[in-house]
Amino acid sequence: MRRTSASLVAGALVAALAWASGPSSPAIALEPAPGLADLAQDLNQILGDSRLTIARAGVVVKSAANGEELYATDAGKLMLPASNTKLFTASAAAETLGLDYRFATSVLHGGRKVGSVLTGDLVLRGTGDPTMLAEDYDALAAKVAGAGVKVVTGKLVADDTWFDAVRLGQDWAWDDETAYYAAPISALTASPDRDYDAGSVIVSVAADGDKVKVSTTPETDYLKIVNRATVGTSNNVLIERQHGTRTVVISGTVASPYSEWVAVDDPTAYAASLFRKALVKHGVKVLGPTAAGAAPKDAKELASRESMPLSELLVPFMKLSNNIHAEILVKAMGRKVAGQGTWAAGLKVSTDFAKANGVQVLNMRDGSGLSRRDGFTPASIAQLLTAVRAKPWFQTWYDSLPIAGNPDRFVGGTLRSRMRDTPAANNVRAKTGSLTGVTALSGYVTSADGEPLVFSIMLNQYLSGSPKDIEDKIAIRLAQFTRAAAVDAATQLRATTEQAGDLECSWLKPAQC
């Protein structure tokens, strides 16, 4: 049996006392407010779905204005949050780094410049910028050439020491190693697109006569491509980087153009290869090899670039649920607060921020929610959502959340295909979350009375049939909620809600869902 909070009943009672002349005069019986009683009945019915019979479901709904708990079931139970973890990372980053925070990438040298010859090494130093594109490395190379440098006698040094050398989360699944959503984390990296999927390359195939043509975005020889694919009548192609290598093997059949986002093995070396190629293009020859290392303390700057501010980066980060942005921000927070660009230091910043705002964070193992050892409660997420409303950066943070039913990819984000043509459309702003057997949806909704609500829905350990539509039904019902009366249309809307897919859009990059 699901346990519904007693505060629902207490909050729903309306006191009415009959005053009479004698002490024995009875009080009029207390009656639950019809709107709250109806809400509890409907949410209980929605959560009675057979897919949740052996699963775990935790839900909490609160008034954003005063914290009143309107509904709760297993709100204090520890559950896997998946990408709801990003709510904690994004809020801690806004507080700690500030909305004006920018990542810097610079080109330095520690030698002397004699005419067009630069003695010593040329250093490319990063601080984690996930928005660096091949064209940005090209612009840096152009600035080096513009400074009159044509020959560098030493090495090209890639300095990624702003962060530590730990590339992957300690709990991440090994079979995700080549997936773009679990790409290695480095202070020096590159993205192939303006989703800013740092540490990955887009590998594309297309039929070209009787052969399969392969291309990459950006154009790079960093990857070794082994093309075993053949032209066929349908697409049945596999593009996969071999574990622990730079080799991408393409097999199967290709009938029409298809692309796959592939994580590189070493983002630092990948970024350095893009920069070296750009230097050659602009007539700058580096005589030595590429090597990893730190810039000399007295190194002088030749060129630099700053990223967009965090206020803008929050949009692709949260709208598209970008895992790499989350982990880079964690390490950036660690570097700022503790002088250590590590997961441990950054996660302490996140958890300390949450605890300072009344949140009980039980287990935060990464910034994105990829770890299956992350653990939060629906109540802890709802508390965070309530607490941050008082922050000066809240509006920017709130605007970065996906918006239900809005088809614009950078507005609706991972919710753009959900809850369309319902009272929740362009109303619900919430963070999605998806792992195998895990789905979550937490955020904000305005009720039919105009009352702002916060909610957290966490569904764990289901075996088959995505229950994302259950999240949608709850969110739609909250958009209909009125304290004054029951909602007659609730049953009809519960029955006609379109079922969402099993994975949020951020996991389905090739389909651009």
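Here is what the cut-offs are and how they apply
- Residues numbered from 1 in each chain as written.
- Predicted model: local features only at pLDDT ≥ 70, side-chain atom pairs only at ≥ 80, totals over all residues.
- Heavy atoms only, no water.
- Helix = DSSP H or I, 4+ residues; strand = E, 2+ residues; numbered from the N terminus.
- Buried < 20%, exposed > 50% of the residue type's maximum accessible area, 1.4 Å probe, protein only.
- Contact = heavy atoms within 4.5 Å.
- Areas by Shrake-Rupley, 256 points an atom, 1.4 Å probe, with all protein chains shown as cover.
- Phe/Tyr/Trp six-rings, centres within 6.5 Å; stacked < 30°, edge-to-face > 60°.
- Lys NZ or Arg CZ within 6 Å of the ring centre and 35° of its normal.
- Core = buried A, V, L, I, M, F, W, Y, C linked by side-chain atoms within 4.5 Å.
- Pairing = 2+ DSSP bridges.
- Axes fitted to C-alpha atoms, helices over the stretch in contact; angles between N-to-C directions.
- Parallel < 35°, antiparallel > 145°, perpendicular 65-115°, else oblique.
- Nonpolar A, V, L, I, M, F, W, Y, C, P; charged D, E, K, R; others polar.
- pLDDT = per-residue confidence, 0-100.
- Salt bridge = Lys/Arg side-chain N within 4 Å of Asp/Glu carboxyl O.

A.B. asks: Would you mind going over the overall build of the protein in detail, with residue names and values included?
C.D. replies: Of regular secondary structure, the protein possesses twelve helices and 23 strands. For the protein, buried positions account for 56% of its 513 residues. Here the contacts in the protein between residues at least 6 apart in sequence split such that 70% fall between residues at least 24 apart. Accessible surface, the protein as shown: approximately 20,800 Å² in total, 52% of it carbon and sulfur.

A.B. asks: So, the packing of aromatic side chains: which residues are in play, and what are the values?
C.D. replies: According to the stated counting rule, one finds eleven aromatic pairs in the structure shown. Ring geometry for Tyr222 against Tyr270: centres 5.7 Å apart, planes inclined by 50°, an arrangement best described as tilted. With a gap of 48 residues between them, Tyr222 in the loop between strand E12 (211-217) and strand E13 (224-227) and Tyr270 in helix H5 (residues 267-281) connect regions that are remote in the sequence. Aromatic rings pair up to connect Phe353, Trp393, Phe394, Trp397, Tyr398 and Tyr444 into one cluster. Stacked on the ring of Trp343, the Lys or Arg Lys331 has its end atom at 4.1 Å from the ring centre.

A.B. asks: Kindly report on the nonpolar core, identifying the contributing residues and their values.
C.D. replies: Grouped together as the largest cluster of nonpolar side chains are 60 residues, with contacts concentrated most on Leu87, Phe88, Leu97, Leu310, Val388, Trp397 and Tyr444. Ranked by residues supplied to this core, first place goes to helix H7 (residues 323-338) with seven residues. With near-sequence residues (within four places) excluded, Val388 lies in contact with Ser91, Phe353, Trp393, Phe394, Trp397 and Tyr444. If you look at the next biggest cluster of nonpolar residues, it comprises 39 residues, including Leu156, Ala229, Ile239 and Ala271.

A.B. asks: Can you explain the sheet that holds strand E9 (residues 151-152)? Please cite residues and give values.
C.D. replies: What the four strands build is an open sheet, ordered E6-E7-E9-E18; its pairing is mixed. Two strands lie at the open edges of the sheet, namely strand E6 (113-114) and strand E18 (285-286), each paired on one side alone. Sheet topology note: the E9/E18 ladder contains two bridges and is parallel. Across the sheet, the residue bridging to Val151 is Lys285, located in E18.

A.B. asks: If you had to explain the packing of helix H3 (residues 85-96) against helix H8 (residues 343-356) to someone new, which residues and values would you point to?
C.D. replies: With their axes 9 Å apart at the nearest point, H3 and H8 run at an angle of 90° to one another. One finds that H3 runs roughly perpendicular with respect to H8. Touching Phe88, Thr89, Ser91, Ala92, Glu95 and Thr96 of H3 are Val349, Ser350, Phe353 and Ala354, all from H8. Grouping the amino acids of the contact of H3 with H8 by side-chain chemistry returns five nonpolar, four polar and one charged.

A.B. asks: Could you give me a rundown of the sheet that holds strand E4 (residues 69-73), with the residues and numbers involved?
C.D. replies: Strand pairing in a sheet relies on backbone hydrogen bonds, with the paired strands running either antiparallel or parallel. Spatially, the five strands line up as an open sheet ordered E4-E3-E23-E22-E21, and their pairing is antiparallel. Strands at the two margins of the open sheet, each flanked by one partner only, are E4 and strand E21 (429-435). Neighbour-to-neighbour, the strand axes of this sheet turn through a mean angle of 5°, independent of strand direction. Pairing analysis gives nine bridges linking strand E22 (residues 438-446) to strand E23 (residues 452-460), with the strands arranged antiparallel. The partner of Val438 across the bridge, within E23, is Asn460.

A.B. asks: Explain the confidence of the model for the protein residue by residue, including any values.
C.D. replies: Interpreting fine coordinate detail is not advised for predicted regions of low pLDDT. Residues with a pLDDT of 70 or more make up 89% of the protein, whose mean pLDDT is 90. Low pLDDT, under 50, characterises residues 490-502; the stretch is placed with 30 contacts to residues that sit more than four places away or in other chains.

A.B. asks: Can you explain the pattern of salt bridges? Please cite residues and give values.
C.D. replies: Opposite charge on two side chains permits them to pair, given that their charged atoms come into close proximity. Under the defined criterion, the tally for this structure stands at 24 salt bridges. Taking the shortest distance from any N to any O, the salt bridge between Asp49 and Arg51 comes out at 2.9 Å. In this pair, the class of Asp49 matches that of Arg51, namely buried. Across the pair Arg373 and Asp171 runs a salt bridge whose closest N-O atoms are separated by 3.7 Å. Placement of the pair is Arg373 in the loop between H8 and helix H9 (378-387) and Asp171 in the loop between strand E10 (156-159) and strand E11 (200-208), with a sequence separation of 202 residues. The exposure class assigned to Arg373 is partly exposed, which follows from its relative accessible area of 48%. Among the charged side chains, a network of salt bridges with common partners joins Asp49, Arg51, Asp469 and Lys473.

A.B. asks: So what's going on with the environment of Arg246? Residues and values would help.
C.D. replies: Here Arg246 is to be found in the loop between strand E15 (236-241) and strand E16 (247-254). For Arg246, a relative accessible area of 36% corresponds to the partly exposed category. It is 8.5 Å that separates the C-alpha atoms of Arg246 and Ile225, two residues lying 21 residues apart in sequence. Here Arg246 is in contact with Tyr222, Leu223, Lys224, Arg241, Asp265 and Ala269, once residues within four sequence places are set aside.

A.B. asks: Before we move on, can you summarise the environment of Ala338 with the specific residues and values?
C.D. replies: You can see Ala338 is positioned in helix H7. Taking the C-alpha atoms as reference points, Ala338 and Val349, eleven residues apart in sequence, are found 8.8 Å from one another.

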